[in-house]
Amino acid sequence: MKIIHTLSEMNAEILKHKPHKQIGFVPTMGALHRGHISLLEASQAQNQLTVVSIFVNPTQFNNSSDLQKYPRTPEKDLEMLRKSGCDIVFMPNENEMYPQPDNRIFDLQNLDKVMEGKHRPGHFNGVAQIVTKLFEAVPAHSAYFGLKDFQQLAVIKQLVEMLKIPIQIVACPIIRENNGLAMSSRNELLTFEQRAQAGIIFQTLTQIKQFWGKKTISQLEDWAIQTINANKLFNVEYFEIVNSRTLEKADFEQIDDGITACTAVFASQVRLIDNVQILN
Ligand code: AMP
């Protein structure tokens, strides 16, 4: 497994292989778990060469203590990637990715204004900054993203279409712990008790399917918020049932784009996000 730290070396490596090999790319912020490895495996199944990047992108954090606390386990990550047969790891440092401040502002067509965007101002602009830089360094044929970050996926698809970046975006299913909690690097920051009980988030998201059509959208959202908040370990930041394409509030009359229930929940200071597709 080759480990590369600079943009120029990374780019040269891709250009060397691109004429002969189908290349897949998996961007991550490290502290890897089975969710990340499932993206690597999806790429390996469809490509002859897979690049995984590990970079904790400061511009997508709107809270400096969240950035500081973000788990970093580089040695363990490299071991997992080696065992999983990854071909190339791209691990740049901050100066390599941001030699100067990145002042670009992206028009993300309102996809960045709702849900995560509303509660984490500037987050998706930071995501757009790093993803465009990474796609330039790693001009792979396909890039693999998890549905765990449902809104991020919508933003990245929009970005690629808008900027006509020639890369196929592949959406991969959410990998969960036994109790239903979506795997996340942030789960490492939970207490034993919080982690054990956090399955309530997935259970509540899933139950929306049973009530679908029997209550109004607002009633469903209110019920879900009350259900999760009834457990004193958790505090819902938002719970929204949205059109899967536009991310606007769902409407019973407009279901062609699919419907997704999305939530962000605090367990003390740890922020967990999850979503479940209600209609496809
Ligand atoms: P992160 O390191 O959190 O930025 O995530 C890197 C990629 O892994 C993103 O595309 C995430 O959506 C994806 N990912 C994170 N957790 C999971 C999971 N539990 N299941 C599937 N994909 C995931």
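Residues numbered from 1 in each chain as written. Predicted model: local features only at pLDDT ≥ 70, side-chain atom pairs only at ≥ 80, totals over all residues. Heavy atoms only, no water.

**What about the overall build of the protein?**
Next, step 1: The number of helices and strands found in the protein is 11 helices and 9 strands.
Next, step 2: Its C-alpha atoms give the protein a radius of gyration of 19 Å, near enough to 19 Å, the size a compact globule of 280 residues would have.
Next, step 3: Overall size of the protein, expressed as C-alpha extent along the three principal axes, is 55 × 40 × 35 Å.
Next, step 4: Across the 280 residues that make up the protein, the buried fraction comes to 54%.
Next, step 5: Of all intrachain contacts in the protein linking residues separated by at least 6 positions in sequence, the fraction that spans at least 24 positions is 72%.
Next, step 6: Here the protein displays about 13500 Å² of accessible surface, and carbon together with sulfur accounts for 50% of that area. (Helix = DSSP H or I, 4+ residues; strand = E, 2+ residues; numbered from the N terminus. Rg over C-alpha atoms; globule rule 2.2 N^0.38 Å. Buried < 20%, exposed > 50% of the residue type's maximum accessible area, 1.4 Å probe, protein only. Contact = heavy atoms within 4.5 Å. Areas by Shrake-Rupley, 256 points an atom, 1.4 Å probe, with all protein chains shown as cover.)

**Re the pattern of salt bridges**
Oppositely charged side chains are able to pair whenever their charged atoms sit close together.
Next, step 1: On inspection of all chains with the given rule, the structure shows 14 salt bridges.
Next, step 2: Linking Glu188 and Arg195 is a salt bridge whose minimum nitrogen-to-oxygen distance equals 3.8 Å.
Next, step 3: Connected via shared salt-bridge partners are Lys2, Glu13 and Lys16. (Salt bridge = Lys/Arg side-chain N within 4 Å of Asp/Glu carboxyl O.)

**Brief notes about the site of the ligand**
Next, step 1: Taken together, 16 residues surround the ligand, and among them Met29, His36, Asp149, Ile175 and Met183 come closest.
Next, step 2: Ile175 is positioned such that a nitrogen or oxygen atom in its backbone is 2.9 Å from a nitrogen atom of the ligand.
Next, step 3: Here the ligand has 480 Å² of accessible area as a free molecule, and 92% of this is covered by the chains.
Next, step 4: Ranked by the residues each element gives to the shell around the ligand, the list is headed by helix 2 (residues 34-46), at 3 residues. (Near = heavy atom within 4 Å. Polar contact = N/O pair within 3.5 Å; in protein donor to acceptor, adjacent residues only side chain to side chain.)

**A word on the side chain of Thr260**
Next, step 1: Within the fold, Thr260 resides in strand 8 (residues 259-267).
Next, step 2: Among the polar contacts made by the side chain of Thr260, one reaches the side chain of Ser244 at a distance of 2.7 Å.
Next, step 3: Apart from the residues lying within four places of it in its own chain, the contact partners of Thr260 are Phe150, Glu240, Ile241, Val242, Ser244, Asn275, Val276, Gln277 and Ile278.

**What to know about the domain arrangement of the protein**
Next, step 1: Here the domain parsing of the protein yields domain 1 (2-172) and domain 2 (185-279).
Next, step 2: A separation of 25 Å is found between the C-alpha centroids of domain 1 and domain 2.
Next, step 3: Across the boundary between the two partners, domain 1 contributes 22 residues, which contact 18 residues of domain 2.
Next, step 4: Note on domain 1 versus domain 2: buried area summed over both sides is about 1700 Å², and carbon and sulfur give 58% of it.
Next, step 5: The largest share of the area that domain 1 buries against domain 2 comes from Met115, His119 and Phe150, three residues that together contribute 35% of it.
Next, step 6: Our enumeration of links across domain 1 and domain 2 arrives at 2 salt bridges.
Next, step 7: Arg271 is the salt-bridge partner of Glu116, the closest N and O atoms lying 2.8 Å from each other.
Next, step 8: The interface formed by domain 1 and domain 2 includes 7 residue pairs in polar contact (both at pLDDT 80 or more).
Next, step 9: For the side of domain 1 that touches domain 2, the class distribution of residues is 10 nonpolar, 5 polar and 7 charged. (Domains from an automatic or database assignment. Buried area = accessible area lost by both parts, 1.4 Å probe. Nonpolar A, V, L, I, M, F, W, Y, C, P; charged D, E, K, R; others polar.)

**Concerning the sheet that holds strand 6 (residues 168-172)**
Next, step 1: Strands sit in the order 1-4-3-2-5-6 across an open sheet of 6 strands; the sheet is parallel. The open sheet has two free edges, formed respectively by strand 1 (2-4) and strand 6, since each of these has just one partner strand. Within the sheet, the average angular offset between the axes of one strand and its neighbour, ignoring direction, is 25 degrees.
Next, step 2: In terms of strand pairing, strand 3 (residues 49-54) meets strand 4 (residues 88-90) through 3 bridges, oriented parallel. Bridging from a neighbouring strand, Ser53 pairs with Phe90 of strand 4.
Next, step 3: Packing against the sheet, helix 1 (residues 7-17) makes contact with strand 1, strand 2 (23-28), strand 3 and strand 4, and its axis sits at approximately 135 degrees to strand 1.
Next, step 4: Where helix 4 (residues 74-83) meets the sheet, it contacts strand 1, strand 3 and strand 4, and its direction lies at approximately 170 degrees from that of strand 3. (Pairing = 2+ DSSP bridges. Axes fitted to C-alpha atoms, helices over the stretch in contact; angles between N-to-C directions.)

**Side note on the nonpolar core**
Next, step 1: Counting residues in each nonpolar core, the largest one holds 43 residues, and the members touching the most others are Met10, Val51, Phe90, Phe135, Val138, Ile156 and Ile169.
Next, step 2: Looking at which domains feed residues into this core, each of domain 1 (2-172) and domain 2 (185-279) supplies at least three.
Next, step 3: Of all hydrophobic cores here, the second largest spans 26 residues; its members include Leu181, Trp223, Val236 and Ile278. (Core = buried A, V, L, I, M, F, W, Y, C linked by side-chain atoms within 4.5 Å.)

**Thoughts on the sheet that holds strand 8**
Next, step 1: With antiparallel pairing, the 3 strands of this open sheet are ordered in space as 7-8-9. The sheet is open, and its two borders are formed by strand 7 (235-243) and strand 9 (270-279), each paired with just one other strand. The sheet shows a mean angle of 15 degrees between the axes of neighbouring strands, taken without regard to direction.
Next, step 2: In terms of strand pairing, strand 8 meets strand 9 through 9 bridges, oriented antiparallel. Paired with Ala264 across the two strands is Ile273, which belongs to strand 9.
Next, step 3: Along the sheet, helix 10 (residues 199-211) makes contact with strand 7, strand 8 and strand 9, crossing strand 9 at roughly 20 degrees.

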